[in-house]
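# Breakdown of the fold
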Amino acid sequence: MKVTRRFAAVVEYNGTYFHGWQKQLHHNNPTVQAALEAAISKVANHKVDIFCAGRTDTGVHATRQVIHFDSDAARSNYSWLMGVNTNLPDGVALQWVDEVSPEFHARYKARARRYRYLINNSPAKSALQHDQLTWWRYPLDAEKMHQAAQYLLGEHDFSAFRAKDCQAKSPVKTMHRIAVQRWGELIMLELEASAFLYHMVRNIVGVLLPIGEGHQPVEWMQQVLSSQDRNQAGVTAPGQGLYFVGVDYPPQFEVPCDPYGPLLLQPLLEVSGFQRPFVNQQ
């Protein structure tokens, strides 16, 4: 008798190739979810539905997205990994797969999500990484941006950073950690929160950019947050600089998804100590 088992997988993808994470029932636009479900279903030899830790928008990348799916197919972890990757299009690949407890759920067992936003702050745009970095030609003060970002720590109503199409039940989220750091012409915003609203990170960046340019004071971040009004905030920053880089799960599930990457940034993170796992805050 076949036994249905639950599997978790860590997924990496380049959002430039896809129209976001979520499959579209009435359109033929390529999405990450549709590509993964098709590939996994082919290897499993039956229809498979997948669930992810956090949906991403068009153009947004991931280095440590986590999914789970159920299957009664008798496949080794190696067969799942190689078979699925063979059937995936360019721009998306499994990095790890293993059987997990039936209690595991990629979304509902997540205690926090982690994002990184990368800015190429130079006079000239990059020709080779134009779809992996947000180019901002005007000089930015990363220290002021870091100071402003600290107003977002803790539990808040993030309505001022919430897109109108957001379907979250509540705008109240808890920001565990947020930091801005510069290496030469590269600036990184790193965030960990209980969950994120639709366009929340990109809208936060839209407030930080005028602060970094000196057009707004550091305190403007607090004013925008307190207003709970999206109209009081800045623009929505481009998606190509945004990466979903990790998820925090209870340790018993043993899913390897500490914050990682992207590869262009990894040597700097390891030298600076940013690669240390986040401290869980419950």
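Residues numbered from 1 in each chain as written. Predicted model: local features only at pLDDT ≥ 70, side-chain atom pairs only at ≥ 80, totals over all residues. Heavy atoms only, no water.

### Things to note about the pattern of salt bridges
Under the defined criterion, the tally for this structure stands at nine salt bridges. For Glu99, the salt bridge is made with Arg5, and the minimal N-O distance between the two is 3.2 Å. Of the two residues, Glu99 sits in strand 4 (residues 92–100) while Arg5 sits in strand 1 (residues 5–13), which places them 94 residues apart along the sequence. You can call Arg5 partly exposed: its relative accessible area is 25%. The closest approach of N and O atoms between Lys23 and Glu37, which form a salt bridge, is 2.9 Å. Remark: Glu37 occurs in helix 1 (residues 32–44) and Lys23 occurs in the loop between strand 1 and helix 1; sequence separation between them is 14 residues. On the basis of relative accessible area, Lys23 is assigned to the partly exposed category, the value being 31%. Its relative accessible area of 8% is what places Glu37 among the buried residues. Through salt bridges with shared partners, a single network forms among Arg116, Arg177 and Glu190. (Salt bridge = Lys/Arg side-chain N within 4 Å of Asp/Glu carboxyl O. Helix = DSSP H or I, 4+ residues; strand = E, 2+ residues; numbered from the N terminus. Buried < 20%, exposed > 50% of the residue type's maximum accessible area, 1.4 Å probe, protein only.)

### Brief notes about the packing of aromatic side chains
According to the stated counting rule, one finds 11 aromatic pairs in the structure shown. Taking 5.2 Å as the distance between ring centres and 70° as the angle between the ring planes, the aromatic pair formed by Phe69 and Trp80 counts as edge-to-face. Pair noted here: Phe69 is in strand 3 (residues 61–71) and Trp80 is in helix 2 (residues 77–86), with a separation of 11 residues, a long-range link. A single burial state applies to Phe69 and to Trp80, both of which are buried. Both rings, one in Tyr115 and one in Phe244, keep their centres 5.1 Å apart while their planes meet at 80°; by these two values the pair is edge-to-face. One end of the pair, Tyr115, is in strand 5 (residues 112–120); the other, Phe244, is in strand 10 (residues 242–248), with 129 residues separating them in the sequence. The exposure class assigned to Tyr115 is buried, which follows from its relative accessible area of 7%. The exposure class of Phe244 is buried, given its relative accessible area of 0%. Joined through ring pairs, the aromatic side chains of Phe7, Phe69 and Trp80 make up one cluster. (Phe/Tyr/Trp six-rings, centres within 6.5 Å; stacked < 30°, edge-to-face > 60°.)

### Quick notes on the packing of helix 4 (residues 200–213) against helix 5 (residues 220–227)
Two elements in contact, helix 4 and helix 5, have axes whose closest approach is 10 Å; the angle formed by their N-to-C orientations is 150°. The angle between the axes of helix 4 and helix 5 places the two elements in the roughly antiparallel class. The hand of the helix 4/helix 5 crossing is right-handed. Residues Ile204, Val207, Leu208, Pro210 and Ile211 of helix 4 lie in contact with helix 5, whose contacting residues are Trp220, Met221 and Val224. Of the residues belonging to the contact of helix 4 with helix 5, the class tally is eight nonpolar, no polar and no charged. (Axes fitted to C-alpha atoms, helices over the stretch in contact; angles between N-to-C directions. Parallel < 35°, antiparallel > 145°, perpendicular 65-115°, else oblique. Left-handed = near helix turned anticlockwise from the far one by under 90°. Contact = heavy atoms within 4.5 Å. Nonpolar A, V, L, I, M, F, W, Y, C, P; charged D, E, K, R; others polar.)

### Section: the UniProt feature "domain: Pseudouridine synthase I TruA alpha/beta" (unreviewed entry) in the chain
With numbering aligned to this structure, UniProt lists the feature "domain: Pseudouridine synthase I TruA alpha/beta" (unreviewed entry) at residues 9–108 and 148–250. End C-alpha to end C-alpha, residues 148–250 measures 31 Å, and it is 23% helix and 30% strand. (UniProt positions renumbered as here; feature names shortened; annotations may be inferred.)

### Some remarks on helix 5
Where helix 5 is concerned, the buried positions are Trp220, Met221, Val224 and Leu225. What you see down the axis of helix 5 is that its buried residues fit within an arc of 135°, all on one side. Residues of helix 5 that are buried in the fold lie against helix 3 (142–149), strand 7 (154–157) and helix 4. Looking one or two residues beyond helix 5, the residue adopting positive phi is Gln228, at roughly 55°. (Arc of directions from axis to C-beta.)

### Details of the nonpolar core
Among the nonpolar cores identified, the biggest contains 79 residues, and Leu36, Val66, Trp80, Phe161, Ile204 and Tyr249 are the most heavily contacted of them. Among the elements that make up this core, the one with the highest residue count is helix 4 (eight residues). Counting seven residues, the second-largest nonpolar core is a separate cluster that includes Leu118, Leu133, Tyr243 and Val245. (Core = buried A, V, L, I, M, F, W, Y, C linked by side-chain atoms within 4.5 Å.)

### Quick look at the environment of Leu189
Along the polypeptide, Leu189 turns up in strand 9 (residues 186–193). Counting along the chain gives 76 residues from Leu189 to Arg113, while the straight-line C-alpha distance between them is 14 Å. Once residues within four sequence positions are removed from consideration, Leu189 is found in contact with Tyr115, Arg116, Tyr117, Ile178, Ala179, Val180, Ile204, Val205 and Leu208.

### Points about the UniProt feature "active site" (unreviewed entry) in the chain
Here the UniProt feature "active site" (unreviewed entry) sits at Asp57. Structurally, the position occupied by Asp57 is in the loop between strand 2 (51–52) and strand 3. Judged by its relative accessible area of 23%, Asp57 is partly exposed. Apart from residues no more than four positions distant in its own chain, Asp57 is found in contact with Gly20, Tyr198, His199 and Arg202.

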